[in-house]
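Summary of structural features
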Amino acid sequence: MNLTRFPRVRLTHAPTPLEHLPNLSRHLGGPEIYIKRDDATGLASGGNKTRKLEFLVGEALSLKATHLITHGATQSNHVRQTVAAACKFGLGATALLEERVAGASPDYYGSGNVFLDRLFGATLETRPPGLDLNAECAVVAERLRAQGERPYLIPGGGSNPVGALGYVVCAQEIVYQANDLGLPIACVVHATGSTGTQAGLVAGFEGQNSHIRVLGISVRAAKDAQEENVYRLAKQTWELLGIRGELPRATVEANSDYVGAGYGRPTPGMVEAVTLAAHFEGLLLDPVYTGKGFAGLIDLIRKGHFRKGENIVFVHTGGSAGLFGYRDAFGFADGLPHP
Ligand SMILES: *Cc1c(COP(=O)(O)O)cnc(C)c1O
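Residues numbered from 1 in each chain as written. Predicted model: local features only at pLDDT ≥ 70, side-chain atom pairs only at ≥ 80, totals over all residues. Heavy atoms only, no water.

With that settled, the discussion passes to the site of the ligand. Neighbouring the ligand are 17 residues, the closest being Lys 49, Lys 52, Ser 194, Thr 197 and Thr 317. Between the ligand and the protein, one listed contact pairs an oxygen atom with a side-chain N or O atom of Asn 48 at 3.0 Å. Against a free-state accessible area of 380 Å², the protein chains account for coverage of 99% of the ligand. Those elements giving two or more residues to the shell around the ligand turn out to be α2 (49-62), β7 (187-192) and α8 (196-207). Of the residues belonging to the shell around the ligand, the class tally is two nonpolar, 12 polar and three charged. (Near = heavy atom within 4 Å. Polar contact = N/O pair within 3.5 Å; in protein donor to acceptor, adjacent residues only side chain to side chain. Areas by Shrake-Rupley, 256 points an atom, 1.4 Å probe, with all protein chains shown as cover. Helix = DSSP H or I, 4+ residues; strand = E, 2+ residues; numbered from the N terminus. Nonpolar A, V, L, I, M, F, W, Y, C, P; charged D, E, K, R; others polar.)

This is the structure:
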């Protein structure tokens, strides 16, 4: 697949490492777990949105935009990476933060990603839950246009066909690294939300005939809805790439058993997954996405879903900055006693 016809900026420290997790693999006693370190993409503490932003900001600059507008939950990693990218390219940035997690701690509203958004100088506006945030962004765009700006709208999670190209690139990287290491991959597992990551991976792996299964662990929507949404975007991405034939529906597989009470709401499985990754590998996961995704992987391993000896790649999509918005979920809200 040739991506050179798409406008693109470079933001990612690519290829990100593909690393073995020997201690966790041994502890869980199932397949060999590898991790694709997209938490180490390099921009503003990293994450999966950086790959999407290479193509989104590329398009924005090709349209001579002066200002990026996007939206997300209060602790959005997508917003943090978008406003950092805006700084790097001299663009203004406005983000609408949706109050999606009721009853959260003060850290949630002030630390973690919110602190970093402010450090990057973004204009932040809050919104109650349940609005059409793309429509809200369109209103902000009108306002900015009246002030002489040329705004570029980025949907939630950067998930449209242009953004998903970033994960086509990641699929190419993973296949290249697997060949380089002589590593047969049985399955790629990751947390799925706004769908761009899974759509890009599926289109990218299938477009290379790689026969690598992708399993998305949902952090929000029910299985059927998530699969439909991923498939729709994966097909659009497939068409944007101009790949012949039709993308098979069976390439899209999601599991929504690990959402818990809802998006951004801690679960015992998430706390266990984040704690195990920290204790066994010195690795930081996050409370909203990779913690739940990895909790799903751990549970599926314990249920014998994967064979011993086969290789599973977990795509670490980033988000550790969000940990600082969730100290209370780990029982550390109080801090140490000090003299
Ligand atoms: C946004 C995000 C995801 C989900 O990716 P989508 O492309 O929105 O499905 C996973 N992990 C982290 C840390 C994220 O910030």
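Under the definition given, this model contains 19 salt bridges. Where Asp 38 meets Arg 51, a salt bridge forms, and the shortest distance between an N and an O atom there is 2.7 Å. Of the two residues, Asp 38 is situated in the loop between β2 (32-37) and α2 and Arg 51 in helix α2; the sequence distance between them amounts to 13 residues. You'll find Asp 38 and Arg 51 in the same group, each marked buried. Linked by salt bridges that have partners in common, Lys 36, Asp 38, Arg 51 and Glu 173 make up one network. (Salt bridge = Lys/Arg side-chain N within 4 Å of Asp/Glu carboxyl O. Buried < 20%, exposed > 50% of the residue type's maximum accessible area, 1.4 Å probe, protein only.)

This next bit is on the pairing of β7. Buried residues dominate β7, accounting for six of its six residues. When β7 meets strand β8 (residues 213-218), the two strands line up parallel, connected through six bridges. In the sheet register, Cys 187 faces β8, and the bridge partner there is Arg 213. Each parallel crossover has a hand, and for β7 linked through α8 to β8 it is right-handed. In terms of strand pairing, β7 meets strand β10 (residues 311-316) through three bridges, oriented parallel. (Pairing = 2+ DSSP bridges. Right-handed = clockwise from strand over helix to strand, strands pointing away.)

Applying the stated rule across the entire model yields four aromatic pairs. When the centroid spacing of 5.9 Å and the interplanar angle of 75° are considered together, the rings of Tyr 263 and Tyr 289 count as edge-to-face. On the criterion of sequence distance, the pair formed by Tyr 263 in the loop between β9 (254-255) and α10 (268-281) and Tyr 289 in the loop between α10 and α11 (290-302) is long-range, its members being 26 residues apart. There is no split in this pair, since Tyr 263 and Tyr 289 are both buried. Ring geometry for Phe 294 versus Phe 314: centroids 4.9 Å apart, planes at 85°, classification edge-to-face. (Phe/Tyr/Trp six-rings, centres within 6.5 Å; stacked < 30°, edge-to-face > 60°.)

We now examine the sheet that holds β9. Strand pairing in a sheet takes place through backbone hydrogen bonds and is either antiparallel or parallel in direction. Spatial ordering of the open sheet is given by β1-β2-β10-β7-β8-β9, a layout of six strands whose pairing is mixed. Looking along the sheet, the strands with just one partner apiece sit at the ends: β1 (18-20) and β9. Two elements, β2 and β10, share six bridges in a ladder whose sense is parallel. Opposite Ile 35, over in β10, you have Phe 314 as the bridge partner.

On to helix α3 (residues 77-88), then. Compared with an ideal rise of 1.5 Å per residue, which puts 12 residues at 16 Å, α3 spans 17 Å between its outermost C-alpha atoms and is within 8% of the ideal. In terms of residue burial, α3 counts as a mostly covered element, since 10 of its 12 residues are buried. Burial in α3 covers these residues: Asn 77, His 78, Val 79, Arg 80, Gln 81, Thr 82, Val 83, Ala 84, Ala 85 and Ala 86. Looking at the buried residues of α3, the elements they touch are α2, β3 (67-73), β4 (92-98) and α5 (112-119). Capping the start of α3 is the job of one residue whose side-chain oxygen sits 3.2 Å from the backbone nitrogen of His 78: Ser 76. Within two residues after α3, Gly 90 carries a phi angle of roughly 70°, on the positive side. (Expected span 1.5 Å × (residues − 1). Contact = heavy atoms within 4.5 Å.)

The next point concerns the side chain of Thr 16. Take Thr 16: it is sitting in the segment before β1. Beyond its immediate sequence surroundings of up to four residues, Thr 16 is in contact with Lys 36, Arg 37, Asp 38, Ala 40, Thr 41, Arg 51, Glu 173 and Gln 177.

A word on unusual backbone geometry. Cis geometry is adopted by the peptide bond preceding Pro 15, which originates at Ala 14 and carries an omega value of -5°. For Pro 15, the location among the structural elements is in the segment before β1. Unlike most non-glycine residues, Ser 45 shows phi in positive territory, near 80°. Mapped onto the secondary structure, Ser 45 falls in the loop between β2 and α2. In this structure Ser 45 comes out as partly exposed when scored by relative accessible area, which is 40%.

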